[in-house]
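Descriptive analysis of the structure
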Amino acid sequence: MASYQEFIQQNEERDGIRFSWNVWPSSRLEATRMVVPLACLFTPLKERPDLPPIQYEPVLCSRATCRAVLNPLCQVDYRAKLWACNFCFQRNQFSPSYSGISELNQPAELLPQFSTIEYVVQRGSSAPLIFLYVVDTCLEEDDLQALKESLQMSLSLLTPNSLVGLITFGRMVQVHELNCEGISKSYVFRGTKDLTAKQIQDMLGLAKPPAGVQGSAPQPQEHPGLSSRFLQPVHKIDMNLTDLLGELQRDPWPVPQGKRPLRSTGVALSIAVGLLEGSFPNTGARIMLFTGGPPTQGPGIVVGDELKTPIRSWHDIEKDNARFLKKATKHYEALANRAAVNGHCIDIYACSLDQTGLLELKCCCNLSGGYIVMADSFNTSLFKQTFQRVFSKGLQGDFRMAFGASLEIKTTRELKIAGAIGTCVSLNSKGSSVSENELGIGGTCQWKICGLDPSTTLSIYFEVVNQVS
């Protein structure tokens, strides 16, 4: 017989959940005496090779305010073909497809070893994955060459129907058309001018897609031409894009002695977010930013172009003497929120011996669930191997990444949800199970996670409201 510690460990391995306490307080008074709050760490995509996917819809509680899923802790009357919800105690009738169930013939969702189940639900065809490369051209020649080779290599790791786009930036920002045969064509934007989402979409000629249901995925074949110029399937433009990447040159604008290169990171990211916002809202997509230094002009500027002016230090931040900090952070937070609302995640690959302004940029990854990778150079094995691992595949041959997840927590009346900490944004879903005392991203029982992989973990905090022990 397993010891208590082994029992707990088996549960953690099975469900991908670890609680801060294995024994819970029975009343609000007892809970106030705890130093560590009642919480759990949850890994949604924890890999379970032994877990068979269930190829049908989950059985839900019939009460409109509950809608909990049938699970091993529900009470079942096999004779009457009824089950009682363990959250609201509503009695529910099994559907005719469950007519053969008995104590000896139970469906997977009632077996104790399946307290976590993966349902594979077919609701229309899935949208292709979208990867938008945003490339800094203010790099040293050998660095740029190494980055170009890594990007060319990545095309071979993508699925044939994945959509790919390319934006390059230096003093100016260029959005490259990828459906041009034998000629390079791009839209050029000034790196000092902040543009609204509508201005970007009008300039790029992006039609607004028909209003759809929240969370639906517009299909490229349903809206031909919607993003055909800037986002193309890999199998169509593999050769063209490989050649285009190979021909990329350093930013042609001369850099005077004693100056930094003019790098328009803020505008480039703004255009990338606007492009995806206008063409693929509520669809899984990755904006992959490759930068080799701090933004030095336009919105989101972190440091001026004079080398004699050092980038903000910790003492400057502490004394509120960092000139660009607040404005830059506000700019990138606004972009991160826009991306997160549409289910797009932002990765940052910052390779430089100097600072690259990650303090201001980090909110883009924190809110959208993207990666942050730091290295000395794009020519190091650290960057090359890490970048390859982003496209690693699981046992079924699928990418070990997911997009546009929504997380909903349900509790019994003795508990309330205080909030979550992690790479998620609130869906502002109020309810009786939501606590007034917020901890992290609170005031809701539902969150959106734009990008996640098998190691993505969130912490969920609870409040014990039971008055009687």
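Residues numbered from 1 in each chain as written. Predicted model: local features only at pLDDT ≥ 70, side-chain atom pairs only at ≥ 80, totals over all residues. Heavy atoms only, no water.

Observations concerning the nonpolar core
Among the nonpolar cores identified, the biggest contains 40 residues, and I167 and L269 are the most heavily contacted of them. Secondary-structure elements contributing two or more residues to this core are strand 6 (130-136), strand 7 (163-169), strand 8 (172-177), helix 6 (265-279), strand 11 (285-291), helix 8 (325-341), strand 12 (344-351) and helix 9 (358-368). Not counting residues up to four positions away in its chain, the partners in contact with L269 are I287, L289, Y332, L335, I346, L361 and C364. (Core = buried A, V, L, I, M, F, W, Y, C linked by side-chain atoms within 4.5 Å. Buried < 20%, exposed > 50% of the residue type's maximum accessible area, 1.4 Å probe, protein only. Helix = DSSP H or I, 4+ residues; strand = E, 2+ residues; numbered from the N terminus. Contact = heavy atoms within 4.5 Å.)

Regarding unusual backbone geometry
In this model, N282 sits at a positive phi of 55°, which is unusual for a non-glycine residue. Exposure remark for N282: the relative accessible area of 21% places this residue in the partly exposed category. The phi dihedral of D320 is positive, around 55°, even though this residue is not glycine. Within the element layout of this structure, D320 appears in the loop between helix 7 (314-318) and helix 8.

Section: the sheet that holds strand 15 (residues 415-421)
Spatially, 1-2-18-15 is the arrangement adopted by the four strands of the open sheet, whose pairing is antiparallel. Because the sheet does not close on itself, it has two edges, and the strands there are strand 1 (17-19) and strand 15. With strand direction ignored, the average angle separating the axes of adjacent strands in the sheet is 25°. Across three bridges, the pairing between strand 1 and strand 2 (residues 39-42) is antiparallel. Across the sheet, R18 pairs through a bridge with L41, a residue of strand 2. (Pairing = 2+ DSSP bridges. Axes fitted to C-alpha atoms, helices over the stretch in contact; angles between N-to-C directions.)

Notes on the pattern of salt bridges
Within this structure, the stated rule accounts for 16 salt bridges. Taking the shortest distance from any N to any O, the salt bridge between E13 and K46 comes out at 3.7 Å. With E13 in helix 1 (residues 4-15) and K46 in the loop between strand 2 and strand 3 (75-77), the pair connects residues that are 33 residues apart, well separated along the chain. In this structure, the salt-bridge partner of E177 is K185, at a minimum N-O distance of 3.9 Å. Of the residues examined, E177 reaches a relative accessible area of 7% and is grouped as buried. Classification of K185 by relative accessible area gives partly exposed; the value is 43%. Through salt bridges with shared partners, a single ionic network connects E177, K185 and R229. (Salt bridge = Lys/Arg side-chain N within 4 Å of Asp/Glu carboxyl O.)

Re the sheet that holds strand 16 (residues 425-426)
The antiparallel open sheet is built from three strands, whose spatial order is 14-17-16. Each edge of the open sheet is held by one strand with a lone partner, namely strand 14 (402-408) and strand 16. Here strand 16 runs beside strand 17 (residues 446-452); their pairing, made up of two bridges, is antiparallel. Bridge pairing in strand 17 links V425 to K448.

Things to note about the side chain of T296
Among the structural elements, T296 can be located in the loop between strand 11 and helix 7. There is a polar contact of 2.7 Å between the side chain of T296 and the backbone oxygen of P261. (Polar contact = N/O pair within 3.5 Å; in protein donor to acceptor, adjacent residues only side chain to side chain.)

With respect to the environment of D202
Within the element layout of this structure, D202 appears in helix 4 (residues 197-203). By relative accessible area, D202 is classed as partly exposed at 48%. In the structure, D202 is positioned 76 residues away from G278 in sequence and 9.5 Å away in space, judged by C-alpha atoms.

Some remarks on the confidence of the model for the protein
When pLDDT is averaged across the protein, the result is 87; 94% of the residues are at 70 or more. Across residues 210-227 the pLDDT falls below 50, and counting only partners more than four positions away or on other chains, this stretch makes 25 contacts in the model. (pLDDT = per-residue confidence, 0-100.)

Examining the packing of aromatic side chains
Applying the stated criterion across every chain, the model contains 17 aromatic pairs. Their ring planes at 70° and their centres at 6.3 Å tell us that Y56 and Y119 sit as a pair that is edge-to-face. Residue Y56 is located in the loop between strand 2 and strand 3, and its partner Y119 is located in the loop between strand 5 (91-93) and strand 6; the two are separated by 63 residues in the primary sequence. On the numbers, 6.1 Å between centres and 80° between planes, the contact of Y349 with F383 is edge-to-face. Placement of Y349 in strand 12 and of F383 in helix 10 (residues 381-390) is noted, with a sequence separation of 34 residues between them. (Phe/Tyr/Trp six-rings, centres within 6.5 Å; stacked < 30°, edge-to-face > 60°.)

Quick look at the packing of helix 3 (residues 141-157) against helix 5 (residues 234-246)
The N-to-C vectors of helix 3 and helix 5 enclose an angle of 170°; their axes lie 10 Å apart at closest approach. Classified by the angle their axes make, helix 3 and helix 5 are roughly antiparallel. Where helix 3 approaches helix 5, its residues K148, L151, Q152 and L155 are matched on the opposing element by V234, D238, L241, T242, L245 and G246. (Parallel < 35°, antiparallel > 145°, perpendicular 65-115°, else oblique.)

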